[in-house]
Amino acid sequence: MKPATLAAALLLAALAVLALAAPWIAPSPEALDLMARMAPPSAAHPLGTDELGRDILARLLHGGRVSLAVAGTTALLAALIGTAVGLWAGYHGGRADAILMRLTDGVMALPLLPLLIVLAAVDPAKLGLEPQAANSEAFAIGRIVAIIALVGWTTVARLVRAQTLSVKARDYVRAAVAVGATPGRIMLRHILPNVASPVVVATTLSVGNIILIESALSFLGLGIRPPLASWGNMLTGAMTAIHSAPQLALWPGLAIFLTVLAFNLLGDGLQNHFNPRAHT
Amino acid sequence: MILSRLLQSLAVLLAMSFVVYGLMGLMPGDPIDLMIAADPHLTAEDALRLKALYGLDRPWTERYLRWLGQVAQGEFGYSRLYAKPVWEAMLPALGNTALLMAAALGVALAVALPLGILASLRPGSAFDHAVNLLAFASVSVPTFWVGLMLIVLFAVQLGWLPAGGMETVAAGGGGMGDRLAHMVLPVATLAMAGIGQYVRQMRAAMIGEAGHDYVRTAWAKGCGPARVVLNHQLRNALLPVTTIVALEVGGLFSGALITETVFAWPGMGRLIYESVMGNDFNLALTGLLLATAMTLLGSILADLAYRWLDPRVSLR
């Protein structure tokens, strides 16, 4: 394993532990202290406080918890949709393939961020949701997961389809057809294991991208909304205070940058591991 | 071939307009609610009458078809935020975005292509590793944070450059130098985000070409290194890079949304964002469809460029 891959894996493991332990390390990310706004680092607040006097370290940890949970869930959901579409299109071919691939091309051709903004601006009340449920933490997270997954499955779908096309012509698949295995069984037992490694690589690489998209949406006020902390919306606060407290913008951005970098390096390392020849 | 691609794009655009029209109806507030909020004298009966007058009591599929008919006649409606016809609000934004994006693309290519070529000459060297890490950093860094950090450094701490806008709003305005000063930070932000992918493409394409017979022939017949690399290898290696750039041109008109918002640059991305947030339905709808159309056009352009540059490839 390359040292960069190892470092990335260790960093992500440390982040995961910190995110899981956040409620015990820093129990109150939403506690206001209006007397100590934008305070410099001290023993009580190791990274200082933000524009409302909240502890920055606590918000970073809780924000990381949210960002990682959102990105992980979204990547898995997108991989699941993409794999299903790709397997179905590749295995059945013909009209199903043509329709699904046109759909994939269509979604891929859309301008991502403007579309996500419109999706994120949809009023849950007009979808018939109770205000109580619409304001819950679970809904806020589920909503962003759903809209990013809705447009994020296309890369995996294409990969899986291409791989399925080549695998389904192999002798062992034809043998399975000959002994009367059902299409579902063939897809899940014989084809899926052979298309898994590119899906793992693509999904790892996509986590970084999803963190970038989520933080951008949260930054614009359309993703995870305050008081719930996320790395993106911490930067929104920092931007409004940029002249009085420029130091606020440093930590959340650095956290996003390092996490995304780690996921990209890990994905690259996995790619080398699974398919050393494909890499120059 | 090109005709079928155009028809396909038109179908995607039509489907997109249907979906987005539906989504607009699901956004908070509707035009009549906004009128009521603006004018307390309106009664409930007035609101109902207005709804009937504007056809808002009809089902949304029917309204969509009517809207489509008007768009087909070139009638895009009126922008609520700008109090102008949609086109008049959009044209300056289009120009501003094109200026910003073209400058950023130029800077990104000017930095990335030489770096990618130099890195490809000695794969595995310390320089190659450094360039690779830079490329990873560039694709991993959040654009809006780069923008904020540049503002903190150059506008807040050093005070060298303006933090946002297109020119100094003062008596007489700023002139050419002032406008250029306003462009530096947003262009640098956008370029930094683009460099990574160009470096990686350029490097991979150069290494891919290096193994070909014609390159070995060129070395064998005694060409100098500069001639082999620049005249032989580079000309072929630029093909895939051109495709990426052509795809990028499609995103030109909405791709800078975040950077434009951070730097208050009055371009298309910011226009779309503000029209969605400000319930300006006509503007948001037209802006989004224009951005989609440009993206689709960019991908057709990429295919055409590829086929023109490399006659061995034919469109599927």
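Fair warning: this is a prediction, and the values are worked out from it, not measured in the lab. Residues take numbers from 1 onward in each chain, read along the sequence in its written order. Here every chain gets a letter starting at A, and every ligand a number starting at 1, in the order they are written. With the structure being a predicted model, the display of local features is reserved for residues of pLDDT at least 70 and the display and counting of side-chain atom pairs for 80 or more, all residues being used for whole-chain, interface and lining totals. To get the side-chain values, take all heavy atoms of the structure and skip hydrogens and water.

Q: Explanation requested: the overall build of chain B in the structure shown.
A: Segments assigned H or I by DSSP are reported as helices when at least four residues long, segments assigned E as strands when at least two residues long, and all are numbered from the N terminus. Scanning chain B from terminus to terminus reveals 13 helices and two strands. Our radius of gyration looks at C-alpha atoms and nothing else; its globule reference is 2.2 Å times the residue count to the power 0.38. Its C-alpha atoms give chain B a radius of gyration of 25 Å, clearly above 20 Å, the size a compact globule of 316 residues would have. On the principal axes, the C-alpha backbone points of chain B span a range of 90 × 55 × 35 Å. In this scheme, a residue with accessible area under 20% of its type's maximum is buried, one over 50% is exposed, and one in between is partly exposed, where area comes from a 1.4 Å probe on protein chains only. The burial tally for chain B puts 43% of its 316 residues in the buried class. Contacts are residue-level and defined by heavy atoms, with any inter-residue pair within 4.5 Å sufficient. The long-range fraction of contacts in chain B, counting pairs at least 24 apart against all pairs at least 6 apart in sequence, stands at 71%. By the counting scheme adopted, Arg and Lys are positive, Glu and Asp are negative, and His together with the chain ends is not counted. The atom standing in for a charge is NZ when the residue is Lys, CZ when it is Arg, CG when it is Asp and CD when it is Glu. Charge separation in chain B, taken as the distance between the mean sites of 20 positive and 20 negative side-chain charges, equals 14 Å.

Q: Is there a simple way to think about the overall build of chain A in this case?
A: Each helix and strand in chain A was counted, giving eleven helices and zero strands. Of the regular secondary structure in chain A, the N- to C-terminal order runs α-α-α-α-α-α-α-α-α-α-α. Residues counted as buried form 50% of the 280 residues belonging to chain A. When contacts within chain A are restricted to residue pairs at least 6 apart in sequence, long-range pairs at least 24 apart make up 71% of them. Approximately 13,200 Å² of chain A is accessible, and the part contributed by carbon and sulfur atoms is 68%. Note on areas: these come from Shrake-Rupley sampling with a 1.4 Å probe, and a residue is covered only by the protein chains present in the view.

Q: I tried to follow the interface of chain A and chain B on my own but got confused; where do I start?
A: Where interface size is given, it is often the accessible area lost as the parts come together that is meant. With 39 residues of chain A at the contact, the number on the chain B side is 43 residues. Values labelled buried area give the accessible surface lost by two parts on being combined, using a 1.4 Å probe and summing over both. Approximately 3,700 Å² of surface area, both sides summed, lies buried where chain A meets chain B, with 80% of it carried by carbon and sulfur atoms. Of all residues in chain A, the largest losses of buried area upon contact with chain B belong to V118(A), K126(A) and L220(A), amounting jointly to 15% of the total for that side. Only one rule defines a salt bridge in this text: a Lys or Arg side-chain nitrogen within 4 Å of an Asp or Glu carboxyl oxygen. The interface formed by chain A and chain B includes zero salt bridges. Two N or O atoms form a polar contact when they lie within 3.5 Å of each other; inside protein one atom must be a possible hydrogen donor and the other a possible acceptor, and for residues adjacent in sequence the pair counts only when both atoms belong to side chains. One can count three residue pairs in polar contact (both at pLDDT 80 or more) joining chain A with chain B. Counting only elements with at least two residues in the side of chain A that touches chain B, the list comes to α3 (94-108), α4 (112-120), α9 (183-219), α10 (231-240) and α11 (250-274) of chain A.

Q: Even after reading the chapter, I still don't get the pattern of salt bridges, so can you show me in this structure?
A: When their charged atoms lie close together, side chains carrying opposite charge are able to pair. Residues and elements named next belong to chain A. Inspection of the entire model under this criterion finds seven salt bridges over all chains. As a salt-bridge pair, R158 and D105 come within 2.3 Å of each other at their nearest N and O atoms. With R158 in helix α7 (residues 154-167) and D105 in helix α3, the pair connects residues that are 53 residues apart, well separated along the chain. Relative accessible area serves as the criterion here: at 27%, D105 is assigned to the partly exposed category.

Q: Explanation requested: the packing of helix α2 (residues 56-92) of chain A against α7(A) in the structure shown.
A: Pairs of packed helices are described in terms of their axes, by the angle between the two and the distance that separates them. Residue and element names in this part refer to chain A. Throughout, an axis means a line fitted to C-alpha atoms (over the contacting stretch in the case of helices), and angles, computed between N-to-C directions, take values from 0 to 180 degrees. The geometry of α2 relative to α7 is characterised by a closest axis approach of 7 Å and an angle of 35 degrees between their N-to-C directions. For α2 against α7, the interelement crossing comes out right-handed. Facing α2, whose interface residues are A79, G82, T83, V85, G86, L87, A89, G90 and Y91, α7 presents V156, A157, V160, R161, T164 and L165. Two helices that cross are described as forming a left-handed crossing if the nearer one is turned anticlockwise from the farther one by less than a right angle, and a right-handed crossing if clockwise.

Q: What is the right way to read α2(A) from this model?
A: Note on helix geometry: an α-helix contains 3.6 residues per turn, so any two residues three or four positions apart are oriented the same way. Expected span of a helix, by definition, is 1.5 Å for each gap between consecutive residues, and there is one gap fewer than residues. Taking 1.5 Å of rise per residue, the 37 residues of α2(A) would be expected to cover 54 Å, and the 53 Å separating its terminal C-alpha atoms lies within 8% of that figure. Once α2(A) finishes, G93(A) follows within two positions and takes phi at roughly 60 degrees, a positive value.

Q: How should I be thinking about the packing of aromatic side chains in this particular structure?
A: Each aromatic ring pair is summarised here by two numbers: the centre-to-centre distance and the angle between the ring planes. All names here are of chain B. Two aromatic rings from Phe, Tyr or Trp, using only the six-membered ring of Trp, form a pair when their centres are within 6.5 Å; if the ring planes differ by under 30 degrees the pair is stacked, by over 60 it is edge-to-face, and anything between is tilted. Throughout the structure, instances matching the rule amount to six aromatic pairs over all chains. By way of ring pairs, the aromatic residues F18, Y21, Y64 and W67 are connected into one cluster. Its end group placed over the ring of F136, R200 keeps NZ or CZ at 4.4 Å from the ring centre. Here, a charge over a ring is recorded when the distance from Lys NZ or Arg CZ to the ring centre is within 6 Å and its angle to the ring normal is within 35 degrees.

Q: Even after reading the chapter, I still don't get unusual backbone geometry, so can you show me in this structure?
A: Residues and elements named next belong to chain B. Here A264, not a glycine, exhibits a phi torsion of approximately 50 degrees, which is positive. Turning to its location among the elements, A264 is positioned in the loop between α11 (257-262) and α12 (268-277). Since its relative accessible area comes to 33%, A264 is described here as partly exposed.

Q: In this structure, what is going on with the packing of helix α6 (residues 126-140) of chain B against helix α8 (residues 176-210) of chain B? I would like to understand it.
A: All names here are of chain B. Between α6 and α8, the shortest axis-to-axis distance is 7 Å and the interhelical angle comes to 135 degrees. Judged by the inter-axis angle, α6 sits oblique to α8. Judged by the twist between their axes, the crossing of α6 over α8 is left-handed. Across the interface between the two elements, D128, V131, A135, F136, S138 and V139 of α6 pack against M192, A193, G194, I195, G196, Q197, V199, R200 and R203 of α8. The cut-offs work like this: below 35 degrees is roughly parallel, past 145 is roughly antiparallel, 65 to 115 is roughly perpendicular, and the gaps in between are oblique.

Q: Any chance you could explain a nonpolar patch on the surface here in plain terms?
A: All names here are of chain B. Each patch groups residues whose relative accessible area exceeds 30% and which form no salt bridge, using 9 Å between like charges and 5 Å between nonpolar side chains of Val, Leu, Ile, Met, Phe, Trp and Tyr. A grouping of I2, L3, L6, L7, L10, L297 and L304 is seen on the molecular surface, where their side chains present a nonpolar patch of about 640 Å² in accessible area. At the level of secondary structure, the elements contributing two or more residues to the nonpolar patch comprise α1 (2-25) and α13 (281-309). It is α1 that contributes the most residues to the nonpolar patch, five residues altogether. Among the secondary structure elements, L6 is positioned in helix α1. According to the relative accessible area criterion, L6 is partly exposed, its value standing at 41%.

Q: Would you take a moment to explain the confidence of the model for chain B for this structure?
A: In low-pLDDT segments, the atomic positions of the prediction should not be examined closely. Residues and elements named next belong to chain B. Each residue carries a pLDDT score, the predictor's confidence in it, ranging from 0 to 100. When the pLDDT values of chain B are averaged, the result is 81; 94% of them are 70 or greater. Mean pLDDT in chain B bottoms out at helix α2 (residues 31-38), which sits at 70, and peaks at α6, which reaches 89. For this predicted complex, the interface confidence score (ipTM) comes to 0.83, while the overall pTM stands at 0.86.

Q: It is not clear to me how the side chain of T97(B) should be interpreted in this structure. Could you clarify?
A: Structurally, T97(B) can be placed in helix α5 (residues 86-121). At a separation of 2.8 Å, a polar atom in the side chain of T97(B) contacts the side chain of E260(B).

Q: For this particular structure, what's the right way to read the side chain of T259(B)?
A: All names here are of chain B. Relative to the helices and strands, T259 resides in helix α11. For T259, a relative accessible area of 3% translates into the label buried. Discounting residues that sit within four places of it in the chain, T259 has contacts with T143, P186, T189 and L190.

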